[in-house]
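Here are the chains, one letter per residue:
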Amino acid sequence: QVQLMESGGGLVQAGGSLRLSCAASGRTFSSHTMGWFRQAPGKDREFVAAITGGGGNTYYADSVKGRFTISRENAKNTVYLQMDSLKPEDTAVYYCAAKTNPWASVLRSQSYSHWGQGTQVTVSS
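Described below are features of the structure shown in this document.

Cut-offs used in this document
Residue positions are given per chain, counted from 1 along the sequence in the order it is written. With pLDDT at 70 or above as the cut-off, local features in this predicted model cover only qualifying residues; side-chain atom pairs require 80 or more to be listed or tallied, and sums for whole chains, interfaces and linings still use all residues. Processing note: side-chain calculations cover all non-hydrogen atoms of the structure and skip hydrogens and water entirely. Cysteine sulfur atoms are paired as a disulfide whenever they come within 2.5 Å of each other. Strands are runs of DSSP state E lasting at least two residues, helices are runs of H or I lasting at least four, and both sets are numbered from the N terminus onward. When a residue's accessible area, from a 1.4 Å probe over protein chains only, is under 20% of the maximum for its type it is buried; when over 50% it is exposed; and in between it is partly exposed. In this analysis, strands are considered paired if DSSP registers two or more bridges between them. Here an angle of 0 to 180 degrees is reported between the N-to-C directions of two axes, which are lines fitted to C-alpha atoms, with helices fitted over the stretch in contact. Only buried residues count toward a nonpolar core, which is a set of Ala, Val, Leu, Ile, Met, Phe, Trp, Tyr and Cys residues joined through side-chain atoms within 4.5 Å. Working rule for contacts: check all heavy atoms of both residues, and any pair within 4.5 Å makes them a contact.

The next point concerns the state of the cysteines. Per the stated rule, a full pass over the model turns up 1 disulfide. A sulfur-sulfur distance of 1.9 Å marks the disulfide that ties Cys-22 to Cys-96. Given an S-S torsion of about 45 degrees, the disulfide between Cys-22 and Cys-96 has right-handed geometry. Of this pair, Cys-22 sits in strand β3 (residues 18–24) while Cys-96 sits in strand β9 (residues 92–99), and the two are 74 residues apart along the sequence. No difference in accessibility class separates Cys-22 from Cys-96, as the two residues are buried.

This is how it looks when you write it as structure tokens:
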């Protein structure tokens, strides 16, 4: 069983930066692809970024490419999302998730079996 807890959200002005962290429990963290998703009010949950278990491959939504960076420290069971050049449209609740099925798509929320409770990110204009 994997338990996830996000932290690092908050209020920031447009153009600013935030770093989200997601701490995971369990001994199998390094074997799971980890993803970040976000959900704005009235919108569907959308993929933001993902990173494979060893950190060798990363994936980004076009809307955040070049501004966000996903990374992980397996020794600390933690995955990060560094968010730079934030825009008001980045405002959402951000969730981290663990994908335990190695064959499932990294882009689909349905592929992830464990989720954190979410952390609010608000970007003011």
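The next subject is the sheet that holds strand β7 (residues 68–73). As summarised here, the arrangement of the 4 strands in space is β1-β3-β8-β7, forming an open sheet in which the pairing is antiparallel. Each edge of the sheet is formed by a strand with only one pairing partner; in this case those strands are β1 (4–7) and β7. Across the sheet, the mean angle separating the axes of adjacent strands is 15 degrees when strand polarity is ignored. When β7 meets strand β8 (residues 78–83), the two strands line up antiparallel, connected through 6 bridges. Residue pairing in the sheet places Ile-70 in a bridge with Leu-81 of β8.

On to the nonpolar core. Counting residues in hydrophobic clusters, the biggest one holds 34 residues, and the most contacted among them are Trp-36, Leu-81, Met-83 and Tyr-94. Elements supplying a minimum of two residues to this core: β3, β4 (33–39), β5 (46–51), β7, β8, β9 and β11 (119–124). Apart from residues lying up to four places away in sequence, Tyr-94 is in contact with Glu-6, Leu-20, Trp-36, Phe-37, Arg-38, Val-48, Phe-68, Leu-81, Met-83, Gly-118, Thr-119 and Val-121.

A few words on the pairing of β8. Counting buried positions along β8 gives 5 out of 6 residues, so the element sits mostly inside the fold. Here β7 folds back onto β8, and the loop between the two strands holds 4 residues, one of which, Asn-77, carries a positive phi near 50 degrees.

Secondary-structure assignment places Tyr-59 in strand β6 (residues 58–60). Taking C-alpha positions, Tyr-59 is 8.3 Å from Leu-107, a pair spaced 48 residues apart along the chain. Ignoring any residue separated from it by four or fewer positions in sequence, one finds Tyr-59 in contact with Phe-47, Val-48, Ala-49, Ala-50, Thr-52 and Val-106.

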